[in-house]
Amino acid sequence: MMDFIRKQTYLIDFTLSSLMRRKGKNLGLLLVYTLIVFMLASVMLFTHSLKKEAHIILQQSPEIIVQRLVAGRHALIPADYLEKIGRLRGVVSKKGRLWGYFYNPMVKANYTVMAPDHMELATTEVVIGTGIARTQGLGIGDYFSLRSDSGNTYSFQIKALLDWDSELVATDLVLISEKAYRVITGIPEGQFTDIVLSVRNPREVRKIAEKLSKKLPDVRPILREEILRTYDSIFSWRQGIVFVLLVGALLAFVIFAWDKASGLSAEEKREIGILKAVGWESGDILRMKFWEGMIISLSAFILGYLFAYLHVFYSAAVLFEPVLKGWAVLYPEFKLVPFVDGLQLATLFFFTVFPYVVAIIIPIWKASVTDPDAIMR
Amino acid sequence: MLLNPAILALILVSAVISFMLLLAAGFAIQLLKSWDINSGSELQLRLERRTYLISTLLTWAFAFELISLILFVYNAESMSGQFVGAMCATGVLNVNSWGWPTLFLKMLVFFIGTIWLAINYLDNKGYDYPLVKIKYLLLLLIVPLVVTEFFVQARYFLEMTPDVITSCCGSLFASDAQGVAAEVSSLSPKAAIGVLYGSGLIVMLTGSWYLLRKKGGLLFACSSTVAFVAALMSIISYISLYIYEHPHHHCPFCILKSGHDYAGYALYIPLFMATSIALAAGVISPWRKIPSLNAAVEVYAPRLAFTALSLFVIFYAIATWMVLRSNLTMETVWW
Amino acid sequence: MLLTLTDINKVFNQGRHNEFWAIRDLSLQIEAGKITCLKGASGSGKTTLLSMIGCLSRPTSGRIMLEDKILSGLPERFLTDIRRHTFGFIFQKFNLIQGLSVLENVMLPAYPLGLKHSTLKASARQLISHFALERVMNNPVEWLSGGESQRVAICRALINDPQILIADEPTANLDTRLSKELMGLIDELRQSGKTILITSHDPVVFDSPVVDRIIEMRDGQILGS
């Protein structure tokens with residue numbers, strides 16, 4: 001065992017000096033390799049981070065959202081439905097929500113306006129998301145107006161800005177008191193936009209949704225788990241598409257690697273011949289060449305991943321945003337939560353190191369079995 | 001189909017491994033036809049050089065197969081959010097009828113790969129390559145297995161649709177459900193314990209006999225396979241319950257999660273290693289009689305047997321400890 | 001008898017239009033502890049013969065035996081193992097690895113054996129000082145003179161303490177003075193118990209009093225047999 005380890009150390013030692021001796025060729029390969037890892041890692045880190053962010057935020061979302069449908073479209077839900085729902089086993093709490101969309105033609109932005117129940121707001125106060133504050137240059141104490149459907153404009157004084165943590169979903173959020181909301185939208189007392197239910201045991205959510213549909217046939221329950229699943233799917237799907245697009249680059253890389261491994265210079269051939277002549281066996285040469293490949297692979301992997309990490313988490317993935325986030329006027333500016341996991345690393349490994357290793361097997365073998373006899377001549 | 005990088009990676013890896021094996025098989029056929037160790041002809045020299053290529057291809061292929069097994073399980077775990085009813089890998093594997101076969105095939109390929117690599121390693125120690133024909137014939141038998149794994153896995157992923165409602169481990173492994181998994185879970189703990197420690201005892205005995213008396217290598221290999229299956233059954237049947245501290249949670253995958261201190265690894269890693277090393281130890285024993293291999297077998301068989309036995313001991317120790325230290329008590333229910 | 005060759009044949013490109021029999025029906029015996037010189041023009045097959053004796057290649061047919069062990073049928077792995085411990089090679093172009101130091105070049109043949117580093121280094125240093133190369137021990141080999149390179153090549157050939165030294169045209173790149181010096185070194189090695197096999201068409205070599213036996217080759221066969 002010790003012999004084996006010592007032998008590998010000698011081989012690695014020789015490999016390192018051999019790589020140093022051919023800096024030009026190896027640096028070129030390393031650069032391309034690192035680039036490939038960088039691209040793929042960036043996509044993965046970015047997507048995973050977004051997914052995780054979505055998960056974290058949605059944790060606070062209610063387990064079931066009950067929406068009323070009229071002719072297949074979302075309609076207001078009467079407050080007495082709360083009683084009609086009655087007591088369902090597993091439902092911890094139920095309440096009505098008031099929220100809606102507001103389009104501001106002057107800044108061409110869509111706001112989500114909501115009457116929160118966990119905040120005390122006076123009728124003239126408003127809390128807005130940082131995206132809105134940013135685009136309109138507003139701060140605490142400034143005035144923010146909303147134009148109602150009846151044509152009147154209502155002014156609110158900004159009491160606070162929504163904090164950074166939830167930028168992803170809250171950037172276009174406007175919070176006003178329930179009374180103010182009803183006045184602006186004209187929604188009378190006794191009606192809500194939708195009803196939300198809190199369920200303690202996630203396994204009972206489906207059952208409750210079923211019972212709900214039976215009790216209230218004109219109602220559509222939306223499950224949080226479905227939302228999460230959809231987000232997961234979309235992000236995975238988008239990630240998959242980008243990967244498929246990068247297949248071309250990957251293929252080019254594989255061919256490049258093959259070429260580099262096969263294209264032994266006369267000097268390299270001579271060296272292998274000398275090694276064989278002085279007592280190295282084909283297997284030893286094979287192993288040495290593989291160490292070469294491994295060293296390059298590992299360096300490229302680590303460097304590529306590092307750069308991708310910096311790119312995604314310190315420069316907010318400048319290269320990818322448009323594709324992966326979807327477009328809107330109000331771009332949230334938020335710090336992505338670093339999220340690294342084994343699956344991600346393993347997948348990355350399989351897309352980069354694996355093709356490289358496979359591409360070099362045959363060229364390396366060919367190099368290792370050359371006849372040492374040739375150098376005697 | 002669900003487009004997800006891990007799935008793409010798995011399909012890619014299986015495809016490439018199948019390709020590598022087909023390539024190796026092509027060379028193997030050539031080798032089997034023209035091999036003649038006593039000839040010094042150029043053809044023979046070329047064939048001997050080919051053996052290095054085949055060895056390299058296969059070593060890497062089996063190494064990647066192992067990693068792809070791990071990736072497969074991880075992926076199933078992480079996809080559990082995308083399927084209704086799935087809360088862990090089990091649910092994802094249940095999505096269609098190809099999930100579990102893929103897993104079993106991957107495990108089978110891994111173990112057979114270990115056997116092949118052991119035979120190959122031994123053969124290289126003999127100055128007249130005595131096992132050439134046997135090992136390349138074996139290779140030709142392995143190839144269809146690997147290709148099948150590729151197709152089964154591909155079907156599994158291609159037929160995966162997210163709107164299928166699948167069952168989670170809670171319902172699959174429940175004792176009152178139908179199917180193999182349920183049968184295993186409903187194995188009474190007393191019986192499971194008996195099977196586990198019984199097979200453990202047999203493994204230790206055959207292994208020690210092999211170590212000391214140099215006989216019964218194949219028996220050791222067989223008993224290690226039995227011990228492996230028994231161990232898996234026991235994990236599902238009762239050990240996992242103690243880890244989860246829940247009398248009805250039988251799932252063999254949830255123990256790999258961080259919530260349970262990654263207990264699964266402490267069990268699965270020694271188990272897999274022990275079984276594969278025991279297989280290697282046992283499979284080299286019939287060749288002891290061949291003069292050119294005798295010395296190698298004398299050296300390696302005891303080493304491998306000893307390592308395998310130690311790992312088995314570690315596994316049984318950990319499994320027992322996990323049961324003993326658990327807060328779950330099944331007094332009056334089971335005992 | 002140290003080395004016995006029986007009915008050796010070596011062909012290249014067999015069955016093709018450029019089929020070439022480098023060695024034909026050659027039988028030979030090499031004595032231990034002596035300096036034997038293979039003489040012949042280029043193309044006579046002496047390099048081919050040398051590489052077969054030195055376990056660098058296998059004969060197409062025939063048998064090579066080292067004392068009582070058969071070498072000719074062995075696959076590469078085993079051939080290499082024997083070669084490492086039995087044969088040391090000195091080439092006509094020195095063939096040192098550029099970019100590595102003298103010390104590293106000398107230790108190179110022993111890398112695959114996985115020996116303890118300190119032991120290996122000590123043996124290497126011993127050889128290096130024996131051949132008066134201590135001064136340049138850590139220099140890259142590109143900086144060495146012809147004579148120094150030659151001595152490094154000899155050290156490298158001796159690192160695994162082989163029984164037999166094979167030198168292929170060792171004086172091809174040396175002037176007369178260095179050639180005579182080399183023959184002196186070779187004689188020293190013979191006196192320490194080594195067997196030496198040299199190929200050369202340089203009179204300084206085959207006319208040297210140091211050589212015990214001369215074997216002449218032409219067209220893949222030994223003259224006079």
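Residues numbered from 1 in each chain as written. Chains lettered and ligands numbered in written order. Predicted model: local features only at pLDDT ≥ 70, side-chain atom pairs only at ≥ 80, totals over all residues.

- Chain A appears in an unreviewed UniProt entry as FtsX-like permease family protein from Thiolapillus brandeum.
- According to its UniProt record, chain A has this under Sequence similarities (unreviewed entry): "Belongs to the ABC-4 integral membrane protein family. LolC/E subfamily." (UniProt positions renumbered as here; feature names shortened; annotations may be inferred.)

**A few points about the pairing of strand β9 (residues 213-218) of chain C**
Residue and element names in this part refer to chain C.
Part 1: Relative to β9, strand β3 (residues 35-39) runs parallel, the two sharing four bridges. Its bridge partner being in β9, K39 is matched across the sheet by E216.
Part 2: As defined by bridge partners, β9 adjoins strand β10 (residues 221-222) across two bridges and the pair is classed as antiparallel. Of the residues in β10, the one forming a bridge with R218 is Q221. (Pairing = 2+ DSSP bridges. Helix = DSSP H or I, 4+ residues; strand = E, 2+ residues; numbered from the N terminus.)

**Details of the UniProt feature "transmembrane region" (unreviewed entry) in chain A**
Residue and element names in this part refer to chain A.
Part 1: Here, UniProt's "transmembrane region" (unreviewed entry) annotation points to residues 27-46, 237-258, 295-320 and 345-367.
Part 2: Helix and strand shares over residues 237-258 are 100% and 0% respectively, and the end C-alpha atoms of the span are 31 Å apart.
Part 3: In residues 345-367, the share of helix is 100% and the share of strand is 0%. The end C-alpha atoms are 31 Å apart.

**Notes on the interface of chain C and chain A**
Part 1: Taken together, the contacts link 23 residues of chain C with 25 residues of chain A.
Part 2: Mapped by element, the contributors of at least two residues to the side of chain C that touches chain A are α1 (46-53) and α2 (76-86) of chain C.
Part 3: Of the residues that constitute the side of chain C that touches chain A, the class distribution is nine nonpolar, eight polar and six charged. (Contact = placed C-beta atoms within 7 Å. Nonpolar A, V, L, I, M, F, W, Y, C, P; charged D, E, K, R; others polar.)

**Digging into the interface of chain B and chain A**
Part 1: Between chain B and chain A, the contact holds 25 residues from the first and 27 residues from the second.
Part 2: If you list the elements that add at least two residues to the side of chain B that touches chain A, you get α1 (5-34) and α2 (42-78) of chain B.
Part 3: The dominant element in the side of chain B that touches chain A, judged by the number of residues it contributes, is α2 of chain B, at 11 residues.
Part 4: Partitioning the side of chain B that touches chain A into residue classes produces 18 nonpolar, six polar and one charged.

**Focus: the nonpolar core**
Soluble, globular proteins show a tendency: their nonpolar side chains are buried together.
Part 1: Core analysis: the largest hydrophobic core is formed by 211 residues, its most contacted members being V37 of chain A together with A281 and A308 of chain B.
Part 2: Sequence-distant contacts of V37 of chain A, that is, excluding residues within four places in its chain, are made with A300, F301, G304, Y305, L348 and T352 of chain A. (Core = buried A, V, L, I, M, F, W, Y, C linked by C-beta atoms within 7 Å. Buried ≥ 20, exposed ≤ 12 C-beta atoms within 10 Å, placed from the backbone.)

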